Amino acid sequence: MATQIDKEACREAYNQVRDDNTDTNWAAFKYEGSRIVAAGQGTDYEDFKKMCTDDARLFGFVRITTGDAMSKRAKFTLITWIGENISGLQRAKISTDKTLVKDIVQNFAKEFMVSDPRELDEDYIRTELKKAGGANYDAQAE
C-alpha cells in the first residue's frame, strides 16, 4: 500500500516551527500504518529526542538558533530517525517516503539521517548547521 501524508496537519506543525512569533522549535512526523501524520511539536528539543526510540521511524523538523552575541539567526534542519529495531523493508521505504515530507518541509539548511542517539546531540546538530551555513562570523576567542 502506498504511503500517504496528512498534508494539512503536517503543514500546520511545520509552519509553527518556522513562525518567529512562537516558541515552538520542533515538529515530528511519524507513521501510523501507511500514513505519515503530525506526531507532536514543542519547545524543548529533549522532548523530540525522547520520541526517537529503537522501535520508531520518524521525521523531525527542528529550529536551532545559531550565531553569537552580535547576531542570532534561526537555522532549520530535517532529521530522519530510523530506530535500531526497524526492519530492512521499512528502512528502505523511509527513503522514498521522505519525498512526501519534503513536499511540505521545504526550507532547511541541512538534512540528517540518524539511527544513533548520540547523533541527536543538540550541540552536534548546531555545529553541523554552522558548517553548512558557510562563512562563520562568530566572535573569535583569542
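Residues numbered from 1 in each chain as written. Predicted model: local features only at pLDDT ≥ 70, side-chain atom pairs only at ≥ 80, totals over all residues. Heavy atoms only, no water.

**Some thoughts on the state of the cysteines**
- The tally for this structure, following the rule as stated, stands at zero disulfides.
- For the unlinked cysteine Cys-10, the closest cysteine sulfur is that of Cys-52, found at 16 Å.
- Accessibility expressed as a relative area gives 1% for Cys-10, which makes it buried. (Disulfide = S-S within 2.5 Å. Buried < 20%, exposed > 50% of the residue type's maximum accessible area, 1.4 Å probe, protein only.)

**Comments concerning the environment of Phe-59**
- Checked against the element boundaries, Phe-59 lands in strand 4 (residues 57–67).
- The class for Phe-59 is buried, based on a relative accessible area of 0%.
- As for Phe-59 and Lys-30, which are separated by 29 residues in sequence, their C-alpha atoms are 6.4 Å apart.
- The contact partners of Phe-59, leaving out residues within four places of it in the chain, are Ala-27, Ala-28, Phe-29, Tyr-31, Ile-36, Leu-78, Ile-79, Thr-80, Ile-94, Asp-97, Lys-98 and Val-101. (Helix = DSSP H or I, 4+ residues; strand = E, 2+ residues; numbered from the N terminus. Contact = heavy atoms within 4.5 Å.)

**Points about the side chain of Arg-57**
- Secondary-structure assignment places Arg-57 in strand 4.
- Only 3.4 Å separates the side chain of Arg-57 from the backbone oxygen of Gln-90, close enough to count as a polar contact.
- With residues up to four places along the chain from it excluded, the contact list for Arg-57 reads Lys-30, Tyr-31, Trp-81, Ile-86, Gln-90, Lys-93 and Ile-94. (Polar contact = N/O pair within 3.5 Å; in protein donor to acceptor, adjacent residues only side chain to side chain.)

**Describing helix 3 (residues 88–102)**
- The terminal C-alpha atoms of helix 3 lie 22 Å apart, and with 15 residues this matches the ideal 21 Å at 1.5 Å per residue to within 8%.
- Its maximal kink placed at Ser-95, helix 3 deviates by approximately 35 degrees.
- Those residues of helix 3 that fall on the buried side of the exposure criterion are Ile-94, Asp-97, Lys-98 and Val-101.
- On its buried face, helix 3 is in contact with strand 1 (4–5), strand 2 (26–32), strand 3 (35–42), strand 4, strand 5 (72–82) and strand 6 (110–114). (Expected span 1.5 Å × (residues − 1). Bend = angle between axes of the 7 residues up to and from the residue.)

**Points about the packing of aromatic side chains**
- Under the defined criterion, the tally for this structure stands at six aromatic pairs.
- Ring centres of Tyr-14 and Phe-61 lie 4.8 Å apart, and the angle between their planes is 50 degrees; on these two criteria the pair is classed as tilted. Here the residue Tyr-14 occupies a position in helix 1 (residues 7–18), and Phe-61 occupies one in strand 4, the gap between them amounting to 47 residues. Grouping residues by exposure puts Tyr-14 and Phe-61 together as buried.
- By way of ring pairs, the aromatic residues Tyr-14, Phe-61 and Phe-76 are connected into one cluster.
- One Lys or Arg, Arg-18, reaches over the ring of Phe-76 and ends 4.5 Å from the middle of that ring.
- The ring of Tyr-31 has Arg-57 lying over it, and the distance from NZ or CZ to the ring centre is 3.6 Å. (Phe/Tyr/Trp six-rings, centres within 6.5 Å; stacked < 30°, edge-to-face > 60°. Lys NZ or Arg CZ within 6 Å of the ring centre and 35° of its normal.)

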